[in-house]
Amino acid sequence: MYRTALRNVLAHKGRLLMTALAVMLGTAFVAGTMVFSDTFGKAMRDSNSKSYSDVSVQVVDRAAGSGASARQKSESGSAALTDATVGQLAALPGTADARGVVSGFTGVADRKGSLIGQVWAAKGANFAPGKDGKDPRYPMAEGQGPKNAKEIALDRKTADKAGYKVGDTVRVAANGPVVEAKLTGIFTTDDPVVNTGGTLTLFDRATAQQLLLEPGRYSGVVLTAKPGTTEDALLAQAQSQVPVVQKFDVETGAKLKADQQDMITKSTGSMRTMLLVFAGISLFVGIFIIANTFTMLVAQRTKELALLRAIGASRKQVTRSVLVEALVIGALSAVAGLAAGVGIGAGMQSLIGSLNENMPSGALVIKPVTVAVTLVVGVVVTVLSALLPALRAARIAPVAAMSSGDQPTSQKSLVVRNTIGSLFAAGGLALIGYGASTGNDSGRMPVGLGAVLALIGVFVLLPLLSRPVVALAGPLLRLGGTPGRLAQQNAVRNPRRTAATAAALTIGLTLVSGLTVIGASVTDTIDRAVTSSMRADYTVDAANGMGLSEQVPAQIAKAPGVAASSAQTTVYWELNGSTKAITGLDAASFDQLVAVQLTGGSTAALGKGQLLVDEDVAKKSGVATGSTVTVTFPDGSTGPLTVGGVYRGGGMLGPVVLANSEIVKHEPKPYVSGVLVKGKDGATDALKQSLKDATGANPVIEVKSMQDVRDDFSQTISFALNMMYGLLAMSVLVAVLGVINTLAMSVFERKREIGMLRAIGLDRGGIKRMVRLESVVISLFGAGIGLLLGCFIAWAINGTLKSSLSGLTTVLPYGQLAVFLALAGAVGLVAAIWPARRAAKLDILSSIKTD
């Protein structure tokens, strides 16, 4: 029986080719993901291995941020690392050297005034020379380190990228005004920020403190141990002998390095998990192809298997022979998938390098676990997929050797199948509906579980659905004449086969349409929020997402062409015992800059020092226009504020609004998140340039129109969707292989029928049209079910997001959905090219004589 199984693999290698390709693609995705994540992770760890090479113990100020936020924390009473602290730590018995460190955000402008590199990877630090005038962390390749506020040094990569030379004037900015300084030095470094494409700017100590923190303050202190003193011993000295550092994080260099390596491992692990999920989807789609292939092979070999049973083969032997065929196919495909996966891993590594030339790279890492997992996954998936067809093969009676064709499906099995499918589908849809009705994140688990159950139920019911759904296309197919009518009949001749083929496309279209609807809904909600709540022409904010310096609003107000402007501040105060984010705006310009839909009260209340709250806050707090709320201010004092109006939420304002003049009474330096601007002549290029000039053409400050804000959100969502589409592309490719495979095997199975059609007058073109239309019908059937299910699941997910994104409604992008449906039809046409050509080329006489 084993020899028979091996001979069957060789005899049917053409019919098993698509199955092998499906398994190979799925396992290649798995192997490629593991090779890439292992390679990238090792490269990142190697790149960061020298980060703490000069650190024995490091003390870090938890409160030290950058710019205004750090100053606020210091002013609120947090202890700070100062020169006195550095002196205390330097005096420890085990300390050879103590160095104060200052770090924070610093953007560098190129010669055109644009920010160099990514905003999240722009760093500034202090140059801390020793007695020899050199800082071992930053060896100078050219020039010397900065010595005063008018001098800076840049890393080699940043200087080369912008074409800066020693002696050039460079414009840099933290969270304050632009600083123009002379470039006195260009240095090399192993700093991870630079290694990953970021920028590093060095200032002298006093300037770094002034720009990044505050005078006399450090963000950390690095200790170097004396020879013979271990890191743990120095750590104990620092913790026990200097009480002030107990308010800070104190760690050994080894611990810091281990934590960094662990963080890299976790981040690459998260990336691996995401990619493996999509690899799993590809393999899941492949299951339908494998099962369908073996089902058709068993049906085509009914006589052969029955004859084996007649001459003494047991049911177990027949089952094992089919499973051995699957085992061989799975093993060979997995080996091919492993080889292809190594290539995919190398390609992904090259792609990352081309997108960011500073990304670390290294030799490919192929771990034994990658090899083992790939081979096991390929074999297990193939064998399990073939298990049901193998069991069906064992049930073929010996007497079937005297007949041909599929063994009839019992009415009982169809009733059981449809009952099970209905229960799963009904239960899943009920859970999805319940989850959507919650309106918050508590419904996400029911929606997720319901989506899985609904998918299973739909898959089980696809054979039942195939006849009525395909019948809907009957009028159109009849326009194709005889080939069209035959295509319709062929599509529903074997509902299980049609369902198994269409299921692969159903999975892909469910995911794609669901993601698209969610993306369109979120985009529409944000667009409406910007459009409905803002009258301002421009918003000015920091590109790094941090607060603006307190000078910026005044600079903007004086810019030519500005009709009205207001700083947009944010504070967090307690209202009736519950902490709320309060948005601050100038009362005098509020109506010119913001549009709110009031359900009670008036915006004039802001000028009287009263609050505006949205409907959600009003409902939860039990307040209305005229009510009084108790506010707890940052200094711990309390006081009453009157609610002057209630507005509808869903915009960009936040839940509570108060005049800036009232906020500064209790919080003198609030966080300035941006500035809203209304132009005398609307949004014009001249006004935009005027606003940029007013900020000193600061590379860190962005001036955006309301359309720019909408476009930014839209681009972010589009990027995420495109990435998802790309990852799902492998699943779609596997689904295409499934359609090709089913049609090719169906053509082989219907050789006599096709020969008879040719004999009675249907020409080669008619045969091709018949196969192509059958393929298109099956593809559209699977895609249509997937679109409906995806849209329903997206509606439910949107329901669970309403508490996080006020005003969210489900939007169906009919144009995109129609494109997906059209693409599914095109997939059917492409998939039918080879089977249709093969069918048309069949010899009439030899086909009719087929037994």
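Small disclaimer: the values here were computed from a predicted structure and weren't measured.

## Comments concerning the nonpolar core
Generally speaking, a soluble globular protein has its nonpolar side chains buried in company with each other. If you look at the biggest cluster of nonpolar residues, it comprises 99 residues, and the most contacted ones within it are Leu 462 and Phe 590. Residue contributions to this core peak at 15 residues, all from helix α23 (residues 706–749). Once you skip the residues sitting within four places of it in the chain, Phe 590 turns out to touch Leu 585, Val 596, Thr 603, Leu 606, Leu 612, Leu 653 and Val 657. If you look at the next biggest cluster of nonpolar residues, it comprises 35 residues, including Ala 159, Val 170, Ala 208 and Leu 223.

## Notes on a positive patch on the surface
A cluster of basic residues, Arg 764, Arg 769, Arg 772, Arg 837 and Lys 841, forms a positive patch at the surface. Looking at which element gives the most residues to the positive patch, the answer is helix α25 (residues 764–801), with 3 residues. For Arg 764, the location among the structural elements is in helix α25.

## Structural notes on the pattern of salt bridges
Taken as a whole, this structure holds 20 salt bridges when the rule is applied. Asp 527 is paired through a salt bridge with Arg 710; the nearest N and O atoms lie 2.9 Å apart. Of this pair, Asp 527 sits in helix α17 (residues 495–533) while Arg 710 sits in helix α23, and the two are 183 residues apart along the sequence. For Lys 665, the salt bridge identified is with Glu 662, shortest N-O distance 3.2 Å. The class of Lys 665 is exposed, set by a relative accessible area of 57%. The class of Glu 662 is buried, set by a relative accessible area of 13%. Three or more residues are tied together by salt bridges with common partners; here these are Asp 38, Arg 272 and Lys 367.

## Comments concerning empty space enclosed by the protein
Counting across every chain of the model gives 3 cavities of 30 Å³ or more. Considering only enclosed or pocket space, the largest cavity measures out at about 50 Å³ in volume. In terms of lining residues, the largest cavity is bounded by Leu 575, Asn 576, Val 613, Val 617, Ser 621, Val 623 and Val 629. Of the residues in the lining of the largest cavity, the class split is 5 nonpolar, 2 polar and no charged. Computed from the structure, the second largest cavity encloses a volume of approximately 40 Å³. Lining the second largest cavity are Ala 174, Asn 175, Gly 176, Ala 542, Gly 547, Leu 548, Ser 549, Val 552, Asn 698, Val 700 and Ile 701. Along the lines of polarity and charge, the residues of the lining of the second largest cavity split into 6 nonpolar, 5 polar and no charged.

## With respect to the environment of Arg 764
Owing to a relative accessible area of 42%, Arg 764 belongs among the partly exposed residues under this scheme. Each C-alpha atom of the pair Arg 764 and Arg 217 lies 85 Å from the other, and the pair is 547 residues apart in sequence. Contact partners of Arg 764, with chain neighbours within four places excluded, come to Arg 758, Ala 840 and Lys 841.

## Concerning the sheet that holds strand β11 (residues 220–225)
The 4 strands are arranged β2-β11-β1-β12 in an open sheet whose pairing can be described as antiparallel. With one partner strand each, in any of the chains shown, β2 (95–101) and β12 (249–252) form the two edges of the open sheet. Across the sheet, the axes of successive neighbouring strands diverge by a mean angle of 15°, strand direction being ignored. As defined by bridge partners, strand β1 (residues 57–60) adjoins β11 across 4 bridges and the pair is classed as antiparallel. When the sheet's bridge partners are listed, Val 59 is paired in β11 with Val 221. Contacts from helix α4 (residues 83–90) reach β1, β2 and β11, with the element oriented near 165° to β2.

Each value, and the rule that gives it
- Residues numbered from 1 in each chain as written.
- Predicted model: local features only at pLDDT ≥ 70, side-chain atom pairs only at ≥ 80, totals over all residues.
- Heavy atoms only, no water.
- Core = buried A, V, L, I, M, F, W, Y, C linked by side-chain atoms within 4.5 Å.
- Buried < 20%, exposed > 50% of the residue type's maximum accessible area, 1.4 Å probe, protein only.
- Helix = DSSP H or I, 4+ residues; strand = E, 2+ residues; numbered from the N terminus.
- Contact = heavy atoms within 4.5 Å.
- Patch = residues over 30% accessible without salt bridge, like charges linked within 9 Å, V, L, I, M, F, W, Y side chains within 5 Å.
- Areas by Shrake-Rupley, 256 points an atom, 1.4 Å probe, with all protein chains shown as cover.
- Salt bridge = Lys/Arg side-chain N within 4 Å of Asp/Glu carboxyl O.
- Lys, Arg positive; Asp, Glu negative; His and termini not counted.
- Charge placed at Lys NZ, Arg CZ, Asp CG, Glu CD.
- 1 Å grid on protein atoms, 1.4 Å probe; cavity = no way out; pocket = protein on both sides within 12 Å on 5 of 7 lines; lining within 4 Å.
- Points joined across faces, edges and corners; volume = space filled by probe spheres on them.
- Nonpolar A, V, L, I, M, F, W, Y, C, P; charged D, E, K, R; others polar.
- Pairing = 2+ DSSP bridges.
- Axes fitted to C-alpha atoms, helices over the stretch in contact; angles between N-to-C directions.

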